[in-house]
Amino acid sequence: MSKMGESQRIYSANPADYKLLEEVGNGASATVYRAIFLPRNNVVAVKCLDLDRCNNGNLESVRRETQTMAWVDHPNLVRAYCSFVVGRNLWVVMPFMSVGSCFHAMKKAHPDGLEEMEICFILKETLRALDYLHRQGHIHRDVKAGNILLDNIGSVKLSDFGVSACMFDSGDRQRCRNTFTGTPCWMAPEVMQAETGYDSKADIWSFGITALELAHGHPPLSQYPPLKVLLMTLQNEPPRLGDKKFSKSFKEMVAMCLVKDPKKRPTAEKLLKHSFFKNAKPPELSLKKLLAELQPPLNPVKPLQVQDDESAQQLPAKTASLPAEQEEISTSMYQKGISAWNFDIEDLKAQASTLVIDSDADADDDETMQSSPVDNCRDGFTTVEQFKQVLQMNC
Ligand SMILES: Nc1ncnc2c1ncn2[C@@H]1O[C@H](COP(=O)(O)OP(=O)(O)OP(=O)(O)O)[C@@H](O)[C@H]1O
C-alpha cells in the first residue's frame with residue numbers, strides 16, 4: 001500500500017479523534033493548530049479552513065490545495081493525511097512542522113538573513129520538492145520563505161498549494177498557463193505578462209528570489225507597492241546576489257534562476273546538479289545553530305491551552321499571554337507586508353488609482369535593480385488601463 005494509503009488508514013476522518021491544542025499560524029482563509037491525534041497520541045497539524053469565508057474563487061483554491069496535498073508523496077512536500085468537513089470548516093490533517101515557516105524563523109533569529117550553509121540546505125530541499133512537482137506536471141506558483149516549513153530536526157517541506165496549477169488541467173498537457181497569480185515580489189516576469197504564458201520555469205524564478213530573501217531577510221523590491229514591483233521586475237535588469245560574504249557558486253546559482261527569458265533558466269533537475277548544492281551539509285550540521293537559536297520552537301504563537309473539558313471538535317478559544325500576544329501582533333504586522341502582496345486585481349485597481357510613482361523614495365538596495373526606467377513613468381499612470389498601456393509600450 002502507498003504511503004498515502006497507509007496514512008489514510010492511520011488517520012481517521014472523525015473530528016472527535018483530534019484534540020486541538022494551540023493556534024500555530026493563520027493565513028488568509030485558515031487557522032492552523034497543533035493537535036493530538038488521540039488514538040495514537042501523536043502530534044499533527046490541523047488546518048481549519050473557514051468555508052463561510054470563501055467566495056467561489058477561494059473555494060476553488062481550497063479544492064485545489066486539498067487535492068494537491070492529498071496526492072503529493074515526497075519528503076519535502078507537506079501532504080494531507082486526510083481532510084473532512086466539520087461544521088462550517090474544512091479540516092486538513094498534516095504533519096506538524098514545529099519551527100514554522102523559514103520566514104518566521106528568519107524574522108525571529110536572523111532578520112537580516114541566514115548564513116550560506118543554512119540557505120544551501122534549505123534551498124536544496126526546496127528544490128527537490130520543486131523537481132518532484134514539476135515532474136508531475138505541476139507548478140507551485142507561490143514559492144517563498146513563508147511557504148517553506150521547518151521542524152526541529154531540520155526537515156524542510158514546501159507547503160501551501162492554494163495557487164498551484166496542473167499543466168494537465170484540461171486533459172491534455174497544456175504548453176503553458178496564463179493566469180496571473182502569485183505574489184509580486186517573487187513573481188516571474190512572464191507570469192506578469194499573462195499573454196505570453198508560462199510554465200514550471202516560473203517557479204525557478206521565484207526560487208531565485210527566495211534565495212535572495214533568505215540571504216537578506218527580505219525579497220528584492222519588498223519596500224515598494226505591488227504595481228511598482230511589477231513594473232520594475234518587467235523593465236529592469238534581474239536582481240543579483242552581490243554581497244561579498246557569499247560564495248561565487250551561490251551567486252552564480254542565483255543568477256541562473258533570475259534570467260528573464262524562462263527558456264534560459266535551468267530546470268529544477270539541472271539546478272540540483274549545480275556546484276552550490278554539492279556543498280550542502282546535512283541538517284545536523286547546517287541547521288544545528290539555527291535550530292538551537294530557535295529554542296523553544298517558534299510555534300506555538302499562542303500559548304498551550306489544553307481543553308480537557310471541551311469537545312475536541314470545538315476550536316480552542318483565542319486567549320494569549322502578553323508575550324505571545326506581542327509576538328502575534330508583531331508577526332501579523334510583518335505578515336501583512338507579505339500577505340498584502342497576494343495578488344488581487346481589485347486591490348491593484350484601488351492602488352493604481354492612487355499611485356504616484358516617486359523615484360526619490362527609492363531605497364538603496366544592493367541587490368535591487370540598477371537604473372530604473374520605471375522612474376520615467378512617474379505620474380505616468382493612475383489606472384490599471386494606463387498601467388497596461390505602459391507595459392505594452394515598454395515590454
Ligand atoms: N503543517 C504545519 N505545521 C506547523 N505550522 C504550520 C503548518 N502549516 C502551516 N503552518 C503555519 O500556519 C501558517 C499559515 O498556514 P498556511 O500558509 O497554510 O495558511 P493559508 O491560509 O494558506 O496562508 P496564505 O495566507 O499564505 O494563503 C504558516 O505560515 C505556518 O506558520
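Definitions and limits used
The residue numbering used here restarts from 1 in each chain and proceeds along that chain's sequence as written. Local features in this predicted model are restricted to residues whose pLDDT is 70 or higher, and side-chain atom pairs enter the listing and the counts only when it is 80 or higher, whereas totals over whole chains, interfaces and linings include all residues. The side-chain figures draw on all heavy atoms in the structure; neither hydrogens nor water molecules are used. UniProt positions are given in the numbering used here, feature names are shortened, and annotations may be inferred rather than shown by experiment. A pair of strands is labelled paired if DSSP reports no fewer than 2 bridges between them. Secondary structure elements follow DSSP: runs of H or I no shorter than four residues count as helices, runs of E no shorter than two count as strands, and numbering proceeds from the N terminus. Residue contacts are defined here by distance: any two heavy atoms, one from each residue, within 4.5 Å place the two residues in contact. Between N-to-C directions, angles span 0 to 180 degrees; the directions come from axes that are lines fitted to C-alpha atoms, helices contributing only their stretch in contact. Grouping buried Ala, Val, Leu, Ile, Met, Phe, Trp, Tyr and Cys residues that are joined through side-chain atoms within 4.5 Å yields what is termed a nonpolar core. Accessibility here uses a 1.4 Å probe with only protein chains present; expressed as a share of the type maximum, an area under 20% marks a residue as buried, one over 50% as exposed, and anything in between as partly exposed.

In the annotation of an unreviewed UniProt entry, the entry for the protein chain reads Protein kinase domain-containing protein, and the organism field reads Hibiscus sabdariffa. Regarding the protein chain, the UniProt comment filed under Sequence similarities (unreviewed entry) reads as follows: "Belongs to the protein kinase superfamily. STE Ser/Thr protein kinase family. STE20 subfamily."

Read from one edge of the open sheet, three strands run E6-E8-E9, paired in antiparallel fashion. Each edge of the sheet is formed by a strand with only one pairing partner; in this case those strands are strand E6 (100-101) and strand E9 (156-158). Relative to E9, strand E8 (residues 148-150) runs antiparallel, the two being bridged by three bridges. Looking across to E9, one finds that Ile 148 is bridged to Leu 158. Those strands touched by helix H4 (residues 116-135) are E8 and E9, and its axis lies near 40 degrees from that of E9.

Looking now at the UniProt feature "binding site: ATP" (unreviewed entry) in the protein chain. UniProt annotation of "binding site: ATP" (unreviewed entry) refers to Lys 47 when read in the numbering used here. Mapped onto the fold, Lys 47 is located in strand E3 (residues 42-50). Apart from the residues lying within four places of it in its own chain, the contact partners of Lys 47 are Ala 30, Thr 31, Val 32, Glu 65, Leu 90, Trp 91, Val 92 and Met 94.

What follows deals with the nonpolar core. Across soluble globular proteins, nonpolar side chains have a tendency to be buried as a group. Residues Ile 122, Leu 123, Phe 207, Leu 214, Phe 250, Met 253 and Phe 277 are the most contacted members of the largest nonpolar core, which totals 79 residues. The element best represented in this core is H4, accounting for ten residues. Excluding anything up to four places from it in sequence, Ile 122 contacts Cys 102, Leu 114, Ile 148, Leu 150, Val 156, Leu 214 and Leu 287. With 15 residues, the next largest nonpolar core counts Ala 35, Tyr 81, Phe 84 and Trp 91 among its residues.

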